[in-house]
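These are the residues of each chain, in order.
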Amino acid sequence: MTTIHIEETPHLCAVLRLADTSLVLAHRLSEWCGHAPMLEEDLALANIALDLLGQARLLYQHAAELEGKGRTEDDFAYLRDAPQFRNYLIAELPRGDFAFTIVRQTLVSAFFHPFWQRAAGSRDATLAAIAAKAEKEVAYHLRHCGAWLVRLGDGTEESHRRTLAALDALWPYTGELFEVDAVGRAMIDAGVLPDPETIRPVFEATVDRLLREATLPKPPATWMHSGGLRGVHTEHLGHMLAVMQHLQRAYPGAVW
Amino acid sequence: MYTQALNEAVERPRVVEDPEKLAAFQARIDAEEKIEPNDWMPEAYRRTLIRQISQHAHSEVVGMLPEGNWLTRAPSLKRKAALLAKIQDEGGHGLYLYAAAETLGVSREELYEQLLAGKAKYSSIFNYPTLTWADIGCIGWLVDGAAIMNQIPLCRTSYGPYARAMIRICKEESFHQRQGYEIMLTLCRGTPEQKAMAQDALNRWWWPALMMFGPPDSESVHTEQSMRWKIKRFTNDELRQKFVDATVPQAHYLGLTIPDPELRYDEATGHWRYGKIDWEEFKRVIAGFGPCNRERLEAKRKAHEEGRWVREAALAYAAKQRARAMAQKIAAE
Ligand SMILES: [Fe+2]
Ligand SMILES: [Fe+2]
């Protein structure tokens, strides 16, 4: 099938941002499966990936309903090209070492846990139901990855150094989580999605507490990356999609 | 099976067992009693079990790799989730089995080091490459299918912790088998290209799947003793025949051809008779010279090496936490 074109209403775009973020992050986590530092983490990271994949599927199904053109979850995942993906950039960065994966998952979960908590009260009933489920899942992700962050930060010299490096690399990607553009504003005003400004204090408090326990310094305020929400991505996403979409692209229209 | 390499030269028993104890042990086995970790058992029984259970555990863990090869390319979100969940199950099987082996007085670390050092065996099947999506279907259908044939009798094996692990594992394996068959069915009902992909995968996986049951009974050194101890309940050839009988009609239903010109139905016995298995290939793959032996072990070694600092950090952190708790306790006194 050739690339599909979506006419994005603000509502549809907002749902795709969430769906794409979950899918892309799930994909990155799944790259660990069989290669983790210990068998328990092969399982734990797969678990988190499965939760995110489940969220992505529900969100794409919802997007299909909103669009009303009879598309499926797979059309959104497999038949859009990188510039049409709306995920936060932080989700698409390559998996890196275990510290990088843990720091990313902790930061993203520290944002999304309060996000989904608030979104559970959304005026969009489907989104509210997805949020209520996601909130419980992300609470576990935050516990699991937060505990690892502390262990790695306060573990050995090497683990401290690696975790700090990951934090430095990832911190400039956290600003995007709080961006509010016209789509975001419309969704906040319509009571569909929470205002990220209300999430900031919870996010900061979680991050501060974990970094303190992990004996890691809080990164200084810095320039922040931006672009994912409007389809301007890092170089990494295109490669990821080339792999992910390979079969759908090579055998157009086939059912798997 | 996952423990097909068991018929290596029998190690000479290091201990001379007390004949009275041996007789009492055999009587318990004959009475279908389960042997539990703290019960007396002959050294050779313990060693055979450690070897069998750890080979089985290693197979589960190495088996995550060929399927993991398609995780990032699964053709739909539903398939991606199912594959990830399946591979996660296999890792879980590895965990239960290492835990069962540990009840016999070896540590998981020790067993895993043997695997990484290339001293322990795992099923030959996982040294074959997964080249197309249909291979994922074939692995579920044939490899998990063969695993079930072998493992259902193991649910009644004489060693309690192993039998109990197998009961849990078997439920999941049969789910994997159905899922794999369903992938094959979808391909066979799909486009001509998809059907060809399915046939090609069957061509490559059929014979290696038959080899999973291990060498023919005539060459299997361990079978007799293992049968007497009820570690094993059917011979390799019996299990292989059961598998062929169950699988041939499934292939026909898919409209696929089994790549064996000598395959024929024997009216008299009701069995499907198959052609000669290339045991030279089997021996070669077991000895380390299959298409992917090197890659599989390299991938596991790499993960282990790259994860070393993580495991060290976890230990260091746990030690610090213990020291802090101790210091607090002292301060409070
Ligand atoms: Fe398994
Ligand atoms: Fe399985």
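1. Points about the overall build of chain A
Scanning chain A for helices and strands turns up 11 helices and 0 strands. Listing each helix as α and each strand as β along chain A from the N terminus yields α-α-α-α-α-α-α-α-α-α-α. Its C-alpha radius of gyration of 18 Å places chain A within 12% of the 18 Å reference for a compact globule of 256 residues. Projected onto the principal axes, the alpha-carbon positions of chain A cover approximately 55 × 40 × 30 Å. Among the 256 residues that make up chain A, the fraction classed as buried is 59%. Element-wise, carbon and sulfur atoms account for 56% of the exposed surface of chain A, whose accessible area totals about 9500 Å². The distance from the centre of the 24 positive side-chain charges to the centre of the 33 negative ones in chain A is 2 Å.

2. Notes on the coordination of the iron ion (ligand 2)
All names here are of chain B. Protein ligation of the iron ion (ligand 2) involves Glu90 (OE), Asp144 (OD), Glu173 (OE) and His176 (ND1), the donor distances falling in the range 1.8 to 2.2 Å. Look at where the donors of the iron ion (ligand 2) fall in the sequence and you get E-x53-D-x28-E-x2-H. Here the iron ion (ligand 1) and the iron ion (ligand 2) are spaced 3.5 Å from one another, each receiving a donor from Glu90. Note that Asp144 is positioned in helix H6 (residues 133-154) and His176 in helix H7 (residues 160-188), a separation of 32 residues in sequence.

3. What about the environment of Pro114(A)?
Of note, Pro114(A) is situated in helix H5 (residues 98-119). When sequence neighbours within four positions are dropped, the list of residues in contact with Pro114(A) reads Ser109(A), Ile199(A) and Val202(A).

4. So, the confidence of the model for chain B
Residues and elements named next belong to chain B. Confidence in the prediction of chain B, expressed as mean pLDDT, is 94, and 96% of residues score 70 or more. Confidence over residues 6-10 falls short of pLDDT 50; this stretch has 15 contacts with residues more than four positions distant or in other chains. Scored as a complex, the prediction yields pTM 0.96 and ipTM 0.97.

5. So, the interface of chain A and chain B
Each partner contributes to the interface: chain A provides 47 residues, whereas chain B provides 46 residues. Here chain A and chain B share an interface that buries about 4000 Å² over both sides, 70% of which is from carbon and sulfur atoms. At the boundary of chain A with chain B, the tally comes to 3 salt bridges. Notably, a salt bridge pairs Glu40(A) with Arg108(B), separated by 2.8 Å at the nearest N-O pair. Where chain A packs against chain B, one counts 15 residue pairs in polar contact (both at pLDDT 80 or more). Of all elements in the fold, only helix H1 (10-30), helix H2 (39-67), helix H3 (73-78), H5, helix H6 (125-153), helix H7 (157-170), helix H10 (235-244) and helix H11 (246-250) of chain A reach the threshold of two or more residues within the side of chain A that touches chain B.

6. A closer look at the coordination of the iron ion (ligand 1)
The iron ion (ligand 1) binds to the protein through Glu60(B) (OE), Glu60(B) (OE), Glu90(B) (OE), His93(B) (ND1) and Glu173(B) (OE), with metal-donor distances spanning 2.0 to 2.7 Å. All donors of the iron ion (ligand 1) come from a single chain, and their spacing in sequence reads E-x29-E-x2-H-x79-E.

7. Some details on the packing of H5(A) against H7(A)
Helix packing for two helices is described by the angle between their axes and how far apart those axes are. Residue and element names in this part refer to chain A. One can describe the packing of H5 onto H7 by two numbers: an axis separation of 8 Å at closest approach and a directional angle of 50°. With respect to each other, H5 and H7 are oriented oblique. Here the hand of the crossing between H5 and H7 comes out right-handed. Between H5 and H7, the residues in contact are Ala99, Phe100, Val103, Arg104 and Leu107 and Arg162, Thr163, Ala166, Leu167, Ala169 and Leu170, respectively. Classifying every residue of the contact of H5 with H7 by side-chain character gives 8 nonpolar, 1 polar and 2 charged.

Reading the values: the criteria
Counting restarts for each chain, with residues numbered from 1 along the sequence as it is written. All chains are assigned letters beginning at A, and all ligands numbers beginning at 1, according to the order in which they are written. The predicted origin of the model limits local features to residues at a pLDDT of at least 70 and limits the giving and counting of side-chain atom pairs to 80 or more, whereas totals for whole chains, interfaces and linings rest on all residues. Side-chain metrics rest on all non-hydrogen atoms present in the structure, leaving aside hydrogens and water. Where helices and strands are cited, they refer to DSSP runs of H or I of at least four residues and of E of at least two residues respectively, numbered from the N terminus. Radius of gyration: over C-alpha atoms. The globule rule applied is 2.2 Å multiplied by the number of residues raised to the 0.38 power. Think of it in three bands: with a 1.4 Å probe and only protein chains considered, a residue is buried below 20% of the maximum accessible area for its type, exposed above 50%, and partly exposed in between. Note that accessible areas follow from Shrake-Rupley with a 1.4 Å probe, and for residues the cover is restricted to the protein chains shown. When charges are counted, Lys and Arg are positive and Asp and Glu negative, with His and the chain ends excluded. The atom standing in for a charge is NZ when the residue is Lys, CZ when it is Arg, CG when it is Asp and CD when it is Glu. A donor here means any N, O or S atom no more than 2.8 Å from the metal (3.2 Å for Na, K and Ca); water is not included, so a site may seem to lack partners. Any two residues whose heavy atoms approach within 4.5 Å at even a single point are treated as in contact. Confidence of the prediction at every residue is given by pLDDT, a number between 0 and 100. Each of two parts loses accessible area, computed with a 1.4 Å probe, when they are put together; buried area is these two losses added. What makes a salt bridge here is a side-chain nitrogen of Lys or Arg within 4 Å of a carboxyl oxygen of Asp or Glu, nothing more. In protein, a polar contact requires one atom able to donate a hydrogen and another able to accept it; more generally it is a pair of N or O atoms within 3.5 Å, and residues adjacent in sequence count only if both atoms are side-chain atoms. Think of each axis as a best-fit line through the C-alpha atoms, taken over the contacting stretch in the case of a helix, with angles from 0 to 180 degrees between the N-to-C directions. Oblique is the label for any angle not covered by the other classes, which are roughly parallel (under 35 degrees), roughly antiparallel (over 145) and roughly perpendicular (65 to 115). Helix crossings are classified by the rotation of the near helix relative to the far one: an anticlockwise turn of less than a right angle makes the crossing left-handed, while a clockwise turn makes it right-handed. In this classification, Asp, Glu, Lys and Arg are treated as charged, Ala, Val, Leu, Ile, Met, Phe, Trp, Tyr, Cys and Pro as nonpolar, and every other residue, Gly included, as polar.

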